[in-house]
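# Topology and contacts: notes
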Amino acid sequence: MTIAYKGSVAHHDSSGNSGVIHPGDVQWMTAGAGILHKEYHEENFSKTGGPFEMVQLWVNLPAKDKVTSPHYQAIAADQMGKVKLPQGAGLVNVIAGNFEDTKGPASTYTPVNVFDIKLEKGGRTDFSLPRTHNSAILVVNGEIEVNEELVKEHSFILFRNDGEEIFIRATEKAVLLVLSGEPINEPIASYGPFVMNTQEEIYQAFEDYQAGKFGTLD
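Structural notes, computed from the coordinates. (Residues numbered from 1 in each chain as written. Predicted model: local features only at pLDDT ≥ 70, side-chain atom pairs only at ≥ 80, totals over all residues. Heavy atoms only, no water.)

### Digging into the sheet that holds strand β16 (residues 149–151)
- Spatially, β13-β18-β15-β16 is the arrangement adopted by the four strands of the open sheet, whose pairing is antiparallel. One side of each edge strand has no neighbouring strand; the edge strands of this open sheet are β13 (124–128) and β16. With direction set aside, neighbouring strand axes in the sheet form an average angle of 25 degrees. (Pairing = 2+ DSSP bridges. Helix = DSSP H or I, 4+ residues; strand = E, 2+ residues; numbered from the N terminus. Axes fitted to C-alpha atoms, helices over the stretch in contact; angles between N-to-C directions.)

Below you can see the structure in the form of structure tokens.
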């Protein structure tokens, strides 16, 4: 998953998918059984330049879904679930999962919440995350208090299986990325761009790639 905060990124892959994401948009590619892809500056942005800020996350698939057919989700900013916070505190863009009964458009293989939250200075929000999830908050811009503890810009807060009521106040205008997901609790083997469950599966992935089973890119 890639979310654009500043700048524009183009994408195309060996399954024939292509698109461009601009600030506020998200692309969510499921690699599954294997895919080749490119991400690069969109043509106009590459000519004009400017600030560039993206967040890219890899979400692991359960073993039973690792050979699913690759696919791509292009999610424009206006397609996301929107929750306006009380008293003009800010806005929550719900990318995946549920925030206050508002559902995000992203399709996932395990329970996942992804919230892009924009808070005004002094803005507050509180919400709960499942205790069974591993949860985290990335402070993309600004500074906040989380459960009365000051957290500076670019900090990453990790909660392990203790998601519960979370209270946030922005000490200055802030952008946050809130993440939570149900642990898969399976072994992980990784090498290069491949994430599998065993070393033997990693060897097989390399063989499949070298045999051209992931397709081709122009």
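Let's pick the thread back up.
### Thoughts on the packing of aromatic side chains
- Per the stated rule, a full pass over the model turns up eight aromatic pairs.
- Joined through ring pairs, the aromatic side chains of Y191, F194, F206, Y209 and F214 make up one cluster. (Phe/Tyr/Trp six-rings, centres within 6.5 Å; stacked < 30°, edge-to-face > 60°.)

### Structural notes on a negative patch on the surface
- A surface patch of negative charge is lined by E100, D101, D126 and E165.
- Turning to its location among the elements, E100 is positioned in the loop between β10 (98–99) and β11 (102–103). (Patch = residues over 30% accessible without salt bridge, like charges linked within 9 Å, V, L, I, M, F, W, Y side chains within 5 Å. Areas by Shrake-Rupley, 256 points an atom, 1.4 Å probe, with all protein chains shown as cover. Salt bridge = Lys/Arg side-chain N within 4 Å of Asp/Glu carboxyl O. Lys, Arg positive; Asp, Glu negative; His and termini not counted. Charge placed at Lys NZ, Arg CZ, Asp CG, Glu CD.)

### Here we look at the pairing of strand β3 (residues 18–21)
- Of the pairings in the sheet, the one linking strand β2 (residues 9–13) to β3 comprises four bridges and is antiparallel in character. Directly across from V9, in β3, lies its bridge partner I21.
- If you look at the hairpin formed by β2 and β3, you'll find four residues sitting between the two strands, and G16 has a positive phi there, around 95 degrees.

### Examining the sheet that holds strand β5 (residues 37–41)
- With antiparallel pairing, the three strands of this open sheet are ordered in space as β3-β2-β5. The sheet terminates laterally at β3 and β5, the two strands that pair on one side only. Mean inter-strand twist for the sheet, computed between neighbouring axes without regard to direction, equals 20 degrees.
- Relative to β5, β2 runs antiparallel, the two being bridged by five bridges. Bridging from a neighbouring strand, V9 pairs with H41 of β5.

### Remarks on the nonpolar core
- Counting 24 residues, the largest nonpolar core has I137, I144, V146, I168 and L176 as its most contacted members.
- Looking at this core, the elements with two or more residues in it are β9 (90–96), β12 (112–119), β14 (134–141), β15 (144–146), β17 (156–159), β18 (165–170) and β19 (174–181).
- When neighbours within four sequence positions are excluded, L176 is seen to be in contact with Y5, F115, D116, I117, L119, I137, L138, V139, V140, I144 and I168.
- With 18 residues, the next largest nonpolar core counts I3, A96, A106 and L138 among its residues. (Core = buried A, V, L, I, M, F, W, Y, C linked by side-chain atoms within 4.5 Å. Buried < 20%, exposed > 50% of the residue type's maximum accessible area, 1.4 Å probe, protein only. Contact = heavy atoms within 4.5 Å.)

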